[in-house]
Amino acid sequence: MISRADVDHVARLARLTLSDAEAERMREQLAAILAYINKLRELDVEGVEPTSHAVPLVNVFREDEVQPSLPREAMIANAPEPAGELFRVPRIIED
Amino acid sequence: MSAVATAAGYEVVIGLEVHAQLSTRTKMFCGCSTTFGAPPNTQTCPVCQGMPGTLPVINRRAIEFGTRTALAFDCTVNASCRFARKHYYYPDMPKNFQISQYEEPLAEHGGLEIDVAGGGVRRIGIQRLHLEEDVGKLVHEGTLETAPSSLVDYNRAGVPLMETVSQPELSSPEEAAAYLRAFRAVLVYLGVCDGNMEEGSLRCDANISLRRRGATELGTKVEIKNLNSFRNVQRALEFEVIRQAAALDAGERIVQETRLWDADRGYTRSMRSKEFAHDYRYFPEPDLVPLELDLAFVERARAALPELPRAGRRRFVEQYALRGAEAATLTGSRALAEYYEATVGAGAGPRPAANWILSELLRVVPGDDEQAVRDSPVSPAHLAGLIRLIDDGTISGKIAKSVFDKMAASREDAATIVGREGLTQVADSGALALVIDQVLAADPKLLADWKSGKTAAENAIVGQVMKATQGKANPALVRDLLKEKLSKT
């Protein structure tokens, strides 16, 4: 079962501020999702190799050749708060 | 400074994590250019910005470079490996996760030989080598403390980064610096990284702990970030040894934490730990299929390995009869080793070639800067030409030094400068005899001393003749003329 403390922890890692009501709603939804996923545990996977991919492919590469980048204006246009050539983000506190 | 800890009865235990930007043309997972110094945010695309619906694709050359490095460090290249997502929310990562490797790195279990104090060699173990993507660069407005906001340039986000973690086997700040030097030399030889620490192509974090001499358990370790030069690695670790020894002496406990090296102020300071909650929630990157590097791929990479610095050093000692320290300097960078061999190849003797490079060339060209050595104003062929002029007696060794400086300034060859400036050694015995007579006539005491057979007087006369001819006299010929003259009197 997912607890309120779990929700607060994950929210902090994701830099999200949740109100009490929101946190409770998230807890309920996450609990429902996890309960659904838990159904998979009912499967008998004895003798099945763990895998991270369903497709039987390995070694998919591209050659080291330069492709055009997106124009800066187009990229910056998506920024909530552009600053000339740069993206502006809230102050980073390191100490 | 390790002397301080030694005196206090502590053993220093250091491990280094080195991040090297690979010299690929494009990023790890997209075709954006990796050129350093481009205007901010001009080298990004929807893939490296993490736009929904985009898919990363692995750069083949990055895998080749990683494999090449792993083999040079004597690592086992894993037959299968995969990428993983490392989650953390920080504005230097547009995706809010970094594609890295976790449980299945590219390679493991290697080692690197370093020179240690007293002339010995130690092999420092390498735990693992893995590939990941670099992050963007944060620029702060004003000082960090007062900045109202931070600015981000994402050109660097997605550049291939190779992380190599050593075993905690380095036992002093000096050894840590030696490890980093040897590490850099190998990467530069391999051509997988330009090794430019100022531009951040090579970055280093260190783990350091102290324990009572003889203790078997490791002490609490502290991680130091931001070590961007050989000197700073050593200084930061020296500071930390003293800090930790003093704390332990005072009966304090060392806190496991991340500290930032402040090169300007010369100390490490604690970074607030809650900003770096180590809860990365790794899981296999679903957008990238695993790698299975077969034996043929690995063996091809092994066959393509160039001679590495230490092997080159041994060969230089044997083949050219150089001293160990000379060979070490000449093989300190691949470009310099190539320069030396090109000079010898152009006809210069191995001994004078080494002397000229070590004493003169390295005065005008920084030996650890590959590009600067390749662009040297005095080419190997020109240096060999200069040495030839000395060998055949056209110019004196003394004049040769000033010719070298002129060559470095003008990029001309030695013969051109010597011819134009009339620097050819005076080997005309008639002309020299005349100069000798003038010198002796001007200094009767010298004449008397010389006649009484004083060696110092002969040397003084040769010196004055050299001076009178602006260094162009052939000193051996002057001595012969003096002997002849003395025998006649």
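Everything numeric in this text was worked out from a predicted model, so none of it was measured.

The rules we used
Here, residues in each chain are numbered from 1, in the same order as that chain's written sequence. As they are written, the chains are lettered A onward and the ligands numbered 1 onward, keeping that order. At least 70 in pLDDT is required for a residue's local features to be given in this predicted model, at least 80 for side-chain atom pairs to be given and counted, and no such filter applies to totals for whole chains, interfaces and linings, which use all residues. Side-chain metrics in this entry use all non-hydrogen atoms of the structure; hydrogen atoms and water are not considered. Here, residues are in contact when the closest pair of their heavy atoms is within 4.5 Å. Take the accessible area each of two parts loses on contact, using a 1.4 Å probe, and add the two losses: that sum is the buried area. A pairing counts as a salt bridge when a side-chain nitrogen of Lys or Arg comes within 4 Å of a carboxyl oxygen of Asp or Glu. A fitted line through C-alpha atoms represents every axis, and for helices the fit uses only the stretch in contact; the resulting angles, taken between N-to-C directions, go from 0 to 180 degrees. Put simply, DSSP H or I for four residues or longer makes a helix, DSSP E for two residues or longer makes a strand, and each gets a number counted from the N terminus. The scheme is simple: roughly parallel for angles under 35 degrees, roughly antiparallel for over 145, roughly perpendicular for 65 to 115, oblique for anything else. The sense of a crossing depends on the near helix, which, turned anticlockwise from the far helix by less than a right angle, makes the crossing left-handed and, turned clockwise, makes it right-handed. Following DSSP output, two strands are said to pair if at least two bridges run between them. Residue ranges for the domains trace back to a domain assignment, done automatically or taken from a database. A 3.5 Å cut-off defines polar contacts: any pair of N or O atoms within that distance qualifies, except that in protein one atom must be a possible hydrogen donor and the other a possible acceptor, and neighbouring residues in sequence count only when both atoms are side-chain atoms.

### Here's the deal with the interface of chain B and chain A
Accessible area lost when the parts come together is the quantity often used to give the size of an interface.
Consideration 1: Of the residues lining the interface, 60 residues belong to chain B; the matching set on chain A comes to 37 residues.
Consideration 2: Both sides of the chain B and chain A interface together cover about 4,400 Å² of buried area, and 54% of this is carbon and sulfur.
Consideration 3: Three residues stand out in chain B for area buried against chain A, namely R60, Y89 and V289 of chain B, and they jointly supply 13% of the buried area on that side.
Consideration 4: Counting across the interface, chain B meets chain A through two salt bridges.

### Focus: the packing of helix 8 (residues 334–345) of chain B against helix 11 (residues 380–391) of chain B
Residues and elements named next belong to chain B.
Consideration 1: The contact between helix 8 and helix 11 brings their axes to 8 Å, and the two run at 45°. In terms of their interaxial angle, helix 8 and helix 11 are classed as oblique. The hand of the helix 8/helix 11 crossing is right-handed. Counting all contacts with helix 8, which are made through Y339, A342 and T343, the residues of helix 11 involved are P380, L383 and A384.

### Here we look at the sheet that holds strand 16 (residues 283–284) of chain B
Within a sheet, neighbouring strands are paired by backbone hydrogen bonds and run either parallel or antiparallel to one another.
All names here are of chain B.
Consideration 1: As summarised here, the arrangement of the three strands in space is 6-5-16, forming an open sheet in which the pairing is antiparallel. Each edge of the open sheet is held by one strand with a lone partner, namely strand 6 (97–100) and strand 16.
Consideration 2: Bridging between strand 5 (residues 84–87) and strand 16 involves two bridges; their strand directions are antiparallel. When the bridges of strand 16 are listed, R85 appears paired with F283.

### Comments concerning the pattern of salt bridges
All names here are of chain B.
Consideration 1: This structure, assessed with the given rule, holds 40 salt bridges over all chains.
Consideration 2: The residue R243 makes a salt bridge to E240 at a minimum N-O spacing of 2.5 Å. Of the two residues, R243 and E240 are both situated in helix 4 (residues 230–249); the distance of three residues between them amounts to about one turn of the helix.
Consideration 3: The network of salt bridges with common partners includes E113, D115, R310 and R313.

### Quick look at the domain arrangement of chain B
Consideration 1: Split by domain assignment, chain B resolves into domain 1 (2–299), domain 2 (309–421) and domain 3 (429–488).
Consideration 2: Using C-alpha coordinates to define each centre, domain 2 of chain B is positioned 33 Å away from domain 3 of chain B.

### Remarks on the sheet that holds strand 8 (residues 120–133) of chain B
Residues and elements named next belong to chain B.
Consideration 1: If you walk across this open sheet you meet the nine strands as 3-7-8-11-1-12-13-14-15, and the pairing is mixed. The sheet terminates laterally at strand 3 (76–77) and strand 15 (267–270), the two strands that pair on one side only.
Consideration 2: Where strand 13 (residues 222–227) and strand 14 (residues 258–262) come together, three bridges link them in parallel fashion. Each residue of the ladder has a partner; that of I224, found in strand 14, is R259.

### Notes on the side chain of Q43 of chain B
Residue and element names in this part refer to chain B.
Consideration 1: Mapped onto the elements, Q43 comes out in the loop between strand 1 (10–21) and strand 2 (58–59).
Consideration 2: A polar atom in the side chain of Q43 sits 3.1 Å from the backbone oxygen of S33.
Consideration 3: Among the polar contacts made by the side chain of Q43, one reaches the main-chain carbonyl oxygen of T35 at a distance of 3.1 Å.

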